[in-house]
Amino acid sequence: MGSCVRKVQAGRSALCHASFVFVAWILIGAPAAVRAEPYVMEVATVVPQGSPWVAQLEAFKAYVETETDGRVKVNLRLGRLNSRSSARRTAAGSMQAFYGSVGGLSSVIRELNVLESPFLFETFAEADRALDDPEVQKQVRSLLRKRKLVFGFWAENGFRDYFCRRPIRTPSDLKGVRFRAQEAYAHVVSYRAYGASPVTTDMASALTSIQNGVVDGFDSTPIYAVASGLYQALEEGKRHLVLSRHIYQPGLMAYSRAWFAKLPKDIQEVLLDVPRDLVTQGRRRIRSVEQIAIENLAKQGYEVYDLTPEERAAFKANQAGLAAEIAKHLGPGAEALLEAVRDTF
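Criteria and cut-off values
Residues numbered from 1 in each chain as written. Predicted model: local features only at pLDDT ≥ 70, side-chain atom pairs only at ≥ 80, totals over all residues. Heavy atoms only, no water. 1 Å grid on protein atoms, 1.4 Å probe; cavity = no way out; pocket = protein on both sides within 12 Å on 5 of 7 lines; lining within 4 Å. Points joined across faces, edges and corners; volume = space filled by probe spheres on them. Helix = DSSP H or I, 4+ residues; strand = E, 2+ residues; numbered from the N terminus. Nonpolar A, V, L, I, M, F, W, Y, C, P; charged D, E, K, R; others polar. Pairing = 2+ DSSP bridges. Right-handed = clockwise from strand over helix to strand, strands pointing away. Contact = heavy atoms within 4.5 Å. Expected span 1.5 Å × (residues − 1). Buried < 20%, exposed > 50% of the residue type's maximum accessible area, 1.4 Å probe, protein only. Core = buried A, V, L, I, M, F, W, Y, C linked by side-chain atoms within 4.5 Å.

A. Region of the structure containing empty space enclosed by the protein. Considering all chains together, one arrives at 4 cavities of 30 Å³ or more under this definition. By volume, the largest cavity amounts to about 390 Å³. Around the largest cavity, the lining is made up of 29 residues, and of these Val-46, Ser-83, Ser-101, Gln-182 and Tyr-224 lie nearest the centre. Looking at the lining of the largest cavity, the elements with two or more residues in it are α3 (83-92), β3 (97-101), α4 (102-105), β4 (149-164), β7 (217-220) and β8 (240-256). Looking at side-chain class alone, the lining of the largest cavity contains 11 nonpolar, 11 polar and 7 charged residues. In this model, the second largest cavity occupies a volume close to 50 Å³. Taken together, Phe-124, Glu-156, Asn-157, Gly-158, Phe-159, Thr-221, Pro-222, Ile-223, Ile-286, Arg-287 and Glu-290 make up the full set of residues lining the second largest cavity.

Structure below.
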């Protein structure tokens, strides 16, 4: 009987102890669940710190980190000087994302460079209508997917103009002149059609090649020439800018397909469903500062010349038919993309 009492008392003691532990666990709080390490997205870009493109990137970063509740951490690697290397690394999976021009991506997706054919687009409105067209976007996504990339959203560099040590008024003024050319097929053949001598370099070598006289000019958007400091390469007294608007250059965000495939479905949807405002505001911001960039170049000693419609028509006539030639050289994917673009005109 005594042993039974002792057993009951022991049972009650154990029960009280368990109850105390349970109450303490409730009051103090259950051990916090271990939060998984965030997915890290390293975005490689030539965009310089403080340039107008950074605002779009910062907006993208805020959107992704907010919508994924911090499960994705976006690191912006600004000022990378070799777009081709960044594009290849993203396709290979050692970098998670690429943000730059279509020309910069052409080392991986050559067909896409047809979008930078000279005089393909006359206005921003034409470019917007084409790039936002469902069929054009379908083909762009397909081209990226085949080369181990995933399309994110459009960005913009804008219309490119000529910077040179000598005035340019006619196509013949380019003949024999050495120009730094972006490492993209459409840019190279455009110069050759004028009889100019294109010298392809990445941004890391562009400044010194101009300063050292390896080339006598380059083409760029005024905004990028100012933001990157490239305008400084031409010496004072020999600074000429002709507003030719000969190539419209789109930009884009692309993700590594290998990295993207490892993400949870809901995070993939966040990256694919970027708000429309992020694209439209990005375009609007770039366009709003173009004239400011031109005015700043004039203050830095550039003679700025805006081609008359008749003068620009002569440049366009020189480049007639080049888009089709470029597309044929770049392959069936480029030809189909060019056709889809022209169907929007």
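Further notes follow.
B. Fine view of the pairing of strand β6 (residues 197-200). Both strand β5 (residues 178-181) and β6 contribute to a ladder of 4 bridges, which runs parallel. Paired with Arg-180 across the two strands is Val-199, which belongs to β6. Taking the sense of rotation as the criterion, the β-α-β connection linking β5, helix α7 (residues 185-194) and β6 turns out right-handed.

C. Inspection of the environment of Val-74 at higher detail. Within the element layout of this structure, Val-74 appears in strand β2 (residues 72-77). If we ignore the near neighbours within four places in the chain, the residues touching Val-74 are Met-41, Val-43, Lys-61, Val-64 and Glu-65.

D. Representation of helix α2 (residues 53-67) within the structure. With 15 residues, α2 extends 21 Å between its outermost C-alpha atoms, agreeing within 8% with the 21 Å of an ideal straight helix rising 1.5 Å per residue. Among the residues making up α2, those that are buried are Trp-53, Val-54, Gln-56, Leu-57, Phe-60, Lys-61, Tyr-63 and Val-64.

E. Molecular detail of the nonpolar core. Judged by nonpolar contacts, the single largest core of 88 residues is most densely connected at Met-41, Phe-60, Leu-112, Tyr-255 and Leu-271. A per-element tally of this core places β4 first, with 8 residues. Non-local contacts of Leu-271, meaning those with residues more than four positions away in its chain, are made with Met-41, Phe-60, Val-64, Gly-152, Tyr-255, Trp-259, Phe-260 and Leu-263. The next biggest cluster of nonpolar side chains, apart from the first, holds 14 residues, and it includes Leu-174, Val-177, Tyr-194 and Leu-307.

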